[in-house]
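Here is how the chains run, residue by residue.
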Amino acid sequence: MRAQNQKVADSLLKIYQTNELVNTEKLELLRNLSFNEVNNLELSIHYADELITLSKLEKNNLYLYRGYYQKGTKNRLIGNLNEALNDFFNGGKAAIKAKSINGEGISYMAIADVYSVMGNSNNAEIYYNKSTQLLRKSNDSISLASALLNAGDEYSKNKKFGLALTNFEEAGAIFKKINYSSGTAYTLGNIGMVYAKIGKSELAKSYITKAINILEELKDYYAISDYLLCMSDIYLMQNNWPAALRYAKRSLQLAEQYGLKEQISNSNLKISELYQIAKNPKESLKFYKNHIAYRDSITNLKSVQQMADIRTNYEVSQKQIEVDLLEKDSEIQKLKEKKQQNIIYASAISLLLILIITIGFYRRYKFIKKTNGIIEEEKNRSNQLLLNILPEETALELKRSGKVQAKKFDSVTVLFADFEGFTKYSENLSPEKLVESIDFYFSKFDTIMDKYNLEKIKTVGDAYMCAGGLPFPTKDHAHKIVLAALEIAQFVEASKNVNSENQTRFEIRIGINTGPLVAGVVGIKKFSYDIWGDTVNIASRMESNSEAGKINISDFTYNIIKNDFDCKYRGEIEVKNKGMMKMYFVNDPLNSLKNYTFTNELVLNDPNEF
């Protein structure tokens, strides 16, 4: 196992741009590019995605495992832990198919590392044990030593210091034997951290300082940031507050410089604690807020609905098919003209030859007809895909002019729905089961949107957002949204009584607000129809201030629907950045609305509607 080197990635990029390599040589090139690209982690993930796609096409499970491993490693570095865990599980499956004991063991070690970061020590220790058992059967000394090192770190976090030192010593012996510098540095640093925890401060500082010196030469800043925080703890235990603060700030500076989210979160927390000890609550609160923001960005699982890349790749592939077919049609036309000239010059050919030519033309006619049918079918499919992404009016404008102008609406009703306790449940669910559970609910929500002719805006993780009154203004959008919300709440409640081994059941909060907003398309490649404005923000606040199984509406919406729905006044509630706002729970529609017929009648923007 060699160290990453950006210079290697830069030199390999020239080979990649020539696009001359094929088969295994190209797979190996992509693996090296993804591994060595350290300055641009998003670019590294792009190389890994290309490696995964090409490996699947060539049915090469060994390189499929390597592609998933590289992608998972980079996703972990930038804080996308849920995506990283999914990548490593997929890599482990590919390694099993490739009959690679080494690859399977490395995948389990990576899975354990992610569980460790998530705070799931039980799962982390299970997968570290699986990893070391497999790697002892292989000839990969570095991977075995790395698994022992990481397992020791997990034992240390759980205060199993004896087991931690045993693992570190075995790992250190292996690294020293093969002269592996970075592994030696990690072993020294982690042993120092254990000594710090058991009160041997001077010994701890000696080990950690040696580790930092080696890692600075290797430019491995991820571990340096952790070791600097440990040095901060040591100096704090020695009542040297200025030195403790200096090391903590150095750790934060390094983490921010290289975009290490986990280290940024930990460093902010340590600095907050130091200022709290110094009785400086203002500075302590500032750094604690930064810690919370980065901690949440690491642990949230709002990427489970990210399917835009798959959809875009599909559209591109279909467009390429259309282009290829058009080129074939052009070639056929040229052949037809050439044959017509030959017929003129060969008018004296026998009846048999004329019959053969006639048959040839008939076959070409059938081929052209079939080709045109394929082109039309692919064109219709592309149009349908575009309509799945954007509202029909917006899609037509995009096709007509190549861009979409943002549009202001004077009255739109916005709904936010979010699952209660989703993050807590999701920590104990596999990615596959999590996605299946979310799809169970969102599929039904989409059906309800179609029923009331409402516009689904987007889903973000477990949050569902829709609107009524756009892209075509209507009079009764508020009533439709409230009726849809009631059906959603009823469906979620009824689902709790349906037993399923493959899906998890949740409670849901719903919030609704009505008002003006702006809608349009963002991006130039992966188009996304979205809405902006204070109305959207207030709708989100209505949802966050709602309760499980309840529909919470603002005063704006209430004034529109109050004569048709049974609503319960909640009083004025403090809303972030908005002050006190009146809120209402919606119970049921009144009799006057039960037989109400929605006409979908379009209206002009009316600023007095609410």
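Scroll up for the structure.
Keep in mind the model is a prediction, meaning the values are calculated, not measured.

## Some remarks on the overall build of the protein chain
Per the secondary structure count, the protein chain includes 24 helices and 8 strands. Counting over 610 residues, the protein chain shows a buried share of 45%. A separation threshold of at least 6 residues defines the contact pool for the protein chain, and within that pool the share at least 24 residues apart is 65%. Here the protein chain displays about 32400 Å² of accessible surface, and carbon together with sulfur accounts for 51% of that area.

## Quick notes on empty space enclosed by the protein
Following the criterion strictly, the structure yields 3 cavities of 30 Å³ or more and no others. Around the largest cavity, the lining comprises 11 residues; the ones closest to its centre are Arg76, Leu77, Gly79, Tyr222 and Glu262. Sorting the residues of the lining of the largest cavity by element identifies helix 4 (61-77) and helix 14 (261-277) as the ones contributing at least two each. Sort the elements by how many residues they give to the lining of the largest cavity and helix 14 lands first, with 3 residues. A per-class count over the lining of the largest cavity returns 6 nonpolar, 2 polar and 3 charged.

## Quick notes on helix 6 (residues 101-118)
For helix 6, spanning 18 residues, the distance from its first C-alpha to its last is 26 Å, which sits close to the expected 26 Å at 1.5 Å a residue. When you tally the buried positions in helix 6, you get 14 out of 18 residues, the bulk of the element. Gly119, located one to two residues past helix 6, shows a positive phi value of around 90 degrees.

## Looking at the nonpolar core
Ranked by size, the top nonpolar core spans 76 residues in total, and within it Ile111, Ile208 and Tyr227 carry the most contacts. With 11 residues, the single largest contributor to this core is helix 12 (residues 221-237). Counting 39 residues, the second largest nonpolar core, distinct from the first, contains Phe422, Ile481, Ala489 and Val492.

## Things to note about the packing of helix 12 against helix 13 (residues 241-257)
Any two packed helices are characterised by how steeply their axes cross, that is the angle between the axes, and by the distance between the axes. In contact at an axis separation of 8 Å, helix 12 and helix 13 are set at 165 degrees when each is read in the N-to-C sense. With respect to helix 13, the element helix 12 is oriented roughly antiparallel. Where helix 12 crosses over helix 13, the handedness of that crossing is left-handed. When helix 12 is examined against helix 13, the residues Tyr221, Ile224, Ser225, Leu228, Leu229, Met231, Ser232, Tyr235 and Leu236 are found in contact with a partner set consisting of Trp241, Ala243, Ala244, Tyr247, Ala248, Arg250, Ser251, Leu254 and Ala255.

## Some details on the packing of helix 12 against helix 14
With their axes 10 Å apart at the nearest point, helix 12 and helix 14 run at an angle of 15 degrees to one another. Taken as axis vectors, helix 12 and helix 14 run roughly parallel relative to one another. Two packed elements cross with a definite hand, and for helix 12 against helix 14 that hand is left-handed. Across from Tyr222, Ser225, Asp226, Leu229, Ser232, Asp233 and Leu236 in helix 12, the residues of helix 14 making contact are Glu262, Gln263, Asn266, Ser267, Lys270, Leu274 and Ile277.

## Concerning the packing of aromatic side chains
Think of a pair of aromatic rings as described by two things: how far the centres are apart, and how the planes are tilted against each other in angle. For the structure shown, the criterion picks out 25 aromatic pairs. Seen in terms of ring centroids, Trp241 and Tyr275 are 6.0 Å apart; in terms of plane orientation they differ by 70 degrees. Their pairing is edge-to-face. Of the two residues, Trp241 is situated in helix 13 and Tyr275 in helix 14; the sequence distance between them amounts to 34 residues. Taken together through their ring pairs, the aromatic side chains of Phe419, Phe440, Tyr441, Phe442, Phe445, Tyr464, Phe491 and Phe506 make up a single cluster. When the ring centre of Tyr207 is taken as reference, the NZ or CZ atom of Lys210 above it lies at 5.9 Å.

## Details of the pairing of strand 1 (residues 407-420)
In terms of burial, strand 1 is largely enclosed, as 10 of its 14 residues are buried. Examined bridge by bridge, strand 1 and strand 4 (residues 507-522) share 12 bridges and lie antiparallel to one another. From the neighbouring strand, Glu420 faces strand 4, where its bridge partner is Glu507. In terms of strand pairing, strand 1 meets strand 3 (residues 463-468) through 6 bridges, oriented antiparallel.

## Quick word on the pairing of strand 2 (residues 455-460)
Where strand 2 lies against strand 3, 5 bridges are found, and the strand directions are antiparallel. When the bridges of strand 3 are listed, Thr459 appears paired with Tyr464.

## So, a nonpolar patch on the surface
There is a patch of nonpolar side chains on the surface, built from Leu352, Leu355, Ile356 and Ile359 and spanning about 390 Å² of accessible area. On the accessibility criterion, Leu352 (59% relative accessible area) is exposed.

## Observations concerning the pattern of salt bridges
Counting across every chain of the model gives 23 salt bridges. In this structure, the salt-bridge partner of Glu507 is Lys496, at a minimum N-O distance of 2.8 Å. In this pair, Glu507 sits in strand 4 while Lys496 sits in the loop between helix 21 (477-495) and strand 4, placing the two residues 11 residues apart along the sequence. Residue Glu507 is classed as partly exposed on the basis of its relative accessible area, which comes to 28%. The partner of Lys578 in a salt bridge is Asp534, and the shortest N-O contact between them spans 2.0 Å. Here the residue Lys578 occupies a position in the loop between strand 7 (565-575) and strand 8 (579-589), and Asp534 occupies one in helix 22 (residues 534-544), the gap between them amounting to 44 residues. Since its relative accessible area comes to 39%, Asp534 is described here as partly exposed.

Basis of the calculations
- Residues numbered from 1 in each chain as written.
- Predicted model: local features only at pLDDT ≥ 70, side-chain atom pairs only at ≥ 80, totals over all residues.
- Heavy atoms only, no water.
- Helix = DSSP H or I, 4+ residues; strand = E, 2+ residues; numbered from the N terminus.
- Buried < 20%, exposed > 50% of the residue type's maximum accessible area, 1.4 Å probe, protein only.
- Contact = heavy atoms within 4.5 Å.
- Areas by Shrake-Rupley, 256 points an atom, 1.4 Å probe, with all protein chains shown as cover.
- 1 Å grid on protein atoms, 1.4 Å probe; cavity = no way out; pocket = protein on both sides within 12 Å on 5 of 7 lines; lining within 4 Å.
- Points joined across faces, edges and corners; volume = space filled by probe spheres on them.
- Nonpolar A, V, L, I, M, F, W, Y, C, P; charged D, E, K, R; others polar.
- Expected span 1.5 Å × (residues − 1).
- Core = buried A, V, L, I, M, F, W, Y, C linked by side-chain atoms within 4.5 Å.
- Axes fitted to C-alpha atoms, helices over the stretch in contact; angles between N-to-C directions.
- Parallel < 35°, antiparallel > 145°, perpendicular 65-115°, else oblique.
- Left-handed = near helix turned anticlockwise from the far one by under 90°.
- Phe/Tyr/Trp six-rings, centres within 6.5 Å; stacked < 30°, edge-to-face > 60°.
- Lys NZ or Arg CZ within 6 Å of the ring centre and 35° of its normal.
- Pairing = 2+ DSSP bridges.
- Patch = residues over 30% accessible without salt bridge, like charges linked within 9 Å, V, L, I, M, F, W, Y side chains within 5 Å.
- Salt bridge = Lys/Arg side-chain N within 4 Å of Asp/Glu carboxyl O.

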